[in-house]
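# Fold and geometry: a report
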Amino acid sequence: MSQLLSIIQRLQAMQKAEGHEEFPQRLFEVNGKTLCQVKYFPTTKTFEVEEYDKDMNKQKYQFDDIDITAIEIFEIVQEEKNPS
């Protein structure tokens, strides 16, 4: 649960960074491997999650809800930590 909370806190910090960066963005990594990049667009108040696979191919997802965004990032991180 604390990992999900830390993801939400990072997303909230992105929202508060409005004005400091054009599009606040953060990387989420596990063991030095970048799993996804998240951008926040203040004008539309949306998040974009860009997920990378093992070949660094990208898939982008748009979310307008911070909780759903956090859950998506959490699932990406957990999938890397606990591959099936």
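Description of the structure in this document. (Residues numbered from 1 in each chain as written. Predicted model: local features only at pLDDT ≥ 70, side-chain atom pairs only at ≥ 80, totals over all residues. Heavy atoms only, no water.)

## Quick look at the nonpolar core
For the record, the criterion: Nonpolar core, defined: a set of buried Ala, Val, Leu, Ile, Met, Phe, Trp, Tyr and Cys residues in which side-chain atoms within 4.5 Å join the residues together. Only protein chains enter the area calculation, which uses a 1.4 Å probe; residues under 20% of their type maximum are buried, those over 50% are exposed, and those in between are partly exposed. Segments assigned H or I by DSSP are reported as helices when at least four residues long, segments assigned E as strands when at least two residues long, and all are numbered from the N terminus. Note on definitions: a residue-residue contact is assigned when non-hydrogen atoms from the two residues lie within 4.5 Å.
Within the largest apolar cluster, 19 residues are counted, with the highest numbers of intra-cluster contacts made by Leu11, Cys36, Val38, Val49 and Ile73. When residues of this core are traced back to their parent elements, those giving at least two are helix H1 (2-16), strand E1 (25-30), strand E2 (33-41), strand E3 (46-52) and helix H2 (66-81). Contacts of Val38, omitting those with residues within four sequence positions, involve Leu11, Met14, Pro24, Gln25, Arg26, Phe28, Phe47, Glu48, Val49 and Ile73.

## Examining unusual backbone geometry
With phi around 50 degrees, Asn31 is a residue other than glycine that occupies positive phi space. When you line up the elements, Asn31 lands in the loop between E1 and E2. Positive phi, normally seen in glycine, also occurs at Lys45, with a value near 55 degrees. The topology assignment puts Lys45 in the loop between E2 and E3.

## Some remarks on the pairing of E3
Every regular strand shows the same layout, with side chains that alternate between the two sheet faces. So the rule is basically this: When DSSP finds at least two bridges between two strands, those strands are taken to pair.
Taken across its seven residues, E3 has seven buried, putting it largely inside the fold. Burial along E3 is two-sided: the face carrying Thr46, Glu48, Glu50 and Tyr52 and the face carrying Phe47, Val49 and Glu51 are both buried. Direction of pairing for E2 relative to E3: antiparallel, over a ladder of six bridges. In the strand pairing of E3, Phe41 is matched with Thr46. Remark: four residues form the turn of the hairpin made by E2 and E3, two consecutive strands paired antiparallel; Lys45 in that turn has positive phi of roughly 55 degrees. Pairing between E3 and strand E4 (residues 58-63): six bridges, direction antiparallel. Within the sheet, the bridge partner assigned to Phe47 lies in E4 and is Phe63. From the end of E3 to the start of E4, which pair antiparallel, there are five residues, and Met56 there has a positive phi angle of about 65 degrees.

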